[in-house]
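Structural description and commentary
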Amino acid sequence: MTQSPSFAVISGAQVHEAVSGRERRVIAMVEDAYRLHGEGRTVNPDSYFLRFPDEPANRIIALPASVQGDVNVHGIKWISSFPGNVAGGVPRASAVLILNDTATGYPFACLESSIVSAARTAASASLAAARLADARGERPRRVGFFGVGLIARYIHTYLAANGFEFDELNVHDLSREHAEGFRDYLARTEGGRIEIRDSAEDLVRSSDLVVFATVAGEPHVTEPAWFGHHPLVLHVSLRDLAPEIILDAYNVVDDVEHCMKANTSPHLAEQKVGHRDFVAGTLYDVLTGATTPPADRTVVFSPFGLGVLDLAVARYVYDHVAESGDLHEVPGFFHEMKRYG
Ligand SMILES: NC(=O)c1ccc[n+]([C@@H]2O[C@H](COP(=O)([O-])OP(=O)(O)OC[C@H]3O[C@@H](n4cnc5c(N)ncnc54)[C@H](O)[C@@H]3O)[C@@H](O)[C@H]2O)c1
């Protein structure tokens with residue numbers, strides 16, 4: 001008699017245990033996923049945005065994907081963004097991710113995935129920062145965090161794990177309380193000089209690596225002159241920069257088709273000029289040496305966020321929890337398994 005397929009539920013605590021302290025490993029698996037994507041060994045359709053006409057700030061995004069190679073899994077991440085949660089003491093984003101078996105299609109696990117998502121986003125940003133900085137010949141020693149929630153904290157952790165060391169750490173947020181909270185977090189983990197920068201201009205001008213992780217829905221940084229020192233910009237929140245700044249910069253994205261959607265800053269730039277020649281290439285192109293970022297221009301990395309990265313990290317978490325013997329399977333999850341009863 002064949003066994004019923006199993007189904008496991010993996011908690012955020014288990015995901016946290018699997019990834020924390022293993023940042024370099026997560027960065028390596030994210031790099032492998034980018035390479036598989038670049039080689040055409042993934043399927044990554046458009047993300048689907050569920051929006052609510054009377055609540056424009058909120059959304060839930062579906063990211064279906066499939067990854068070949070060692071990852072060998074299909075699946076979907078379903079992630080909510082309700083920015084108003086933060087005022088009530090609850091994180092903005094919440095998520096689950098379903099892993100599907102490639103042989104049968106059966107879902108075999110559901111993971112808490114806000115941590116998977118934050119980890120893959122930070123790993124991607126840290127990978128891009130390292131490869132772009134190294135290709136430009138120098139690692140920045142002055143970092144600026146523009147918008148300081150969970151994603152900024154994860155990016156800081158993953159930059160440190162990837163060997164970045166900072167003499168100056170600058171912090172800017174619309175909320176003084178958030179800026180102070182992040183400054184205090186940095187003070188517990190960093191030796192460099194930490195400054196809260198009250199103005200956006202001050203933050204950008206005093207940083208050679210600028211990390212955007214706000215929840216801005218449209219561009220609020222509009223002055224190309226602020227970038228005259230040609231920083232490396234991790235534009236993780238995607239909608240902060242005016243088209244003029246994008247058009248002035250050397251742009252790297254994760255996937256061109258994906259990034260030219262949903263009113264991201266590159267999408268707005270494309271609408272303004274009617275072409276996408278301002279995109280120098282993808283992170284995969286940087287990894288393979290097909291494009292080399294210049295030291296004498298501002299370099300902007302805008303990652304739309306690919307479901308294939310979530311699947312790669314989730315697959316690793318599943319395998320880690322299974323090997324540890326801590327998988328919580330739901331007995332009888334699949335029923336009606338006999339064709340004729
Ligand atoms: N590209 C990707 O793959 C990817 C993945 C995950 C998250 N993200 C994005 O990262 C961003 C941050 O996520 P989070 O969970 O840390 O959010 P969060 O709500 O916890 O923190 C965002 C912070 O930005 C601040 N802020 C908002 N608008 C600002 C502005 N105009 N100037 C300065 N500060 C501002 C808020 O006060 C808050 O402290 C979100 O936009 C999210 O969509 C991108």
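Residues numbered from 1 in each chain as written. Predicted model: local features only at pLDDT ≥ 70, side-chain atom pairs only at ≥ 80, totals over all residues. Heavy atoms only, no water.

Helix and strand counts for the protein stand at 11 helices and 16 strands. Taking 2.2 N^0.38 as the reference for a compact globule, 341 residues should give roughly 20 Å; the C-alpha atoms of the protein span a radius of gyration of 20 Å, in line with that estimate. Along the three orthogonal principal directions, the C-alpha set of the protein runs to about 70 × 45 × 45 Å. Out of the 341 residues belonging to the protein, those deemed buried represent 51%. Within the protein, contacts between residues separated by at least 24 positions form 70% of all contacts whose residues are at least 6 apart in sequence. Split by element, the accessible area of the protein, about 15400 Å² in all, is 50% carbon and sulfur. Side chains of the protein give 30 positive and 44 negative charges; the mean places of these two sets differ by 1 Å. (Helix = DSSP H or I, 4+ residues; strand = E, 2+ residues; numbered from the N terminus. Rg over C-alpha atoms; globule rule 2.2 N^0.38 Å. Buried < 20%, exposed > 50% of the residue type's maximum accessible area, 1.4 Å probe, protein only. Contact = heavy atoms within 4.5 Å. Areas by Shrake-Rupley, 256 points an atom, 1.4 Å probe, with all protein chains shown as cover. Lys, Arg positive; Asp, Glu negative; His and termini not counted. Charge placed at Lys NZ, Arg CZ, Asp CG, Glu CD.)

Bringing the site of the ligand into the picture now. Near the ligand, the surroundings consist of 24 residues, among which Ile 151, Asp 173, His 178, Thr 214 and Pro 303 are the closest. In this structure, Asp 173 approaches the ligand through a side-chain N or O atom, which is 2.6 Å from an oxygen atom. In this structure, Thr 214 approaches the ligand through a main-chain N or O atom, which is 2.6 Å from an oxygen atom. Protein contacts shield 87% of the accessible area of the ligand, which totals 880 Å² for the unbound molecule. (Near = heavy atom within 4 Å. Polar contact = N/O pair within 3.5 Å; in protein donor to acceptor, adjacent residues only side chain to side chain.)

In terms of domain boundaries, the protein breaks down into domain 1 (8-116 + 307-329) and domain 2 (122-302). Computed over C-alpha atoms only, the centres of domain 1 and domain 2 are separated by 23 Å. Buried surface at the junction of domain 1 and domain 2, summed over both partners, amounts to about 1900 Å²; 62% is from carbon and sulfur atoms. Taken as a group, Glu 23, Ile 27 and Tyr 34 account for 31% of the area that domain 1 buries against domain 2, more than any other trio of residues on that side. In this structure, the connection of domain 1 to domain 2 is made through 2 salt bridges. One salt bridge in this structure joins Lys 261 and Asp 46, with 3.3 Å as the shortest N-O distance. Along the contact surface separating domain 1 from domain 2 lie 6 residue pairs in polar contact (both at pLDDT 80 or more). (Domains from an automatic or database assignment. Buried area = accessible area lost by both parts, 1.4 Å probe. Salt bridge = Lys/Arg side-chain N within 4 Å of Asp/Glu carboxyl O.)

This paragraph deals with the layout of surface pockets. Estimated volume of the second largest pocket: approximately 360 Å³. Around the second largest pocket, the lining comprises 14 residues; the ones closest to its centre are Met 29, Asp 32, Asp 70, Val 71 and Tyr 316. Breaking the lining of the second largest pocket down by element, the ones donating at least two residues are α2 (23-38) and α11 (307-323). Counting residues per element, the lining of the second largest pocket draws most heavily on α11, which supplies 6 residues. Within the lining of the second largest pocket, the residues separate by chemical class into 6 nonpolar, 2 polar and 6 charged. (1 Å grid on protein atoms, 1.4 Å probe; cavity = no way out; pocket = protein on both sides within 12 Å on 5 of 7 lines; lining within 4 Å. Points joined across faces, edges and corners; volume = space filled by probe spheres on them. Nonpolar A, V, L, I, M, F, W, Y, C, P; charged D, E, K, R; others polar.)

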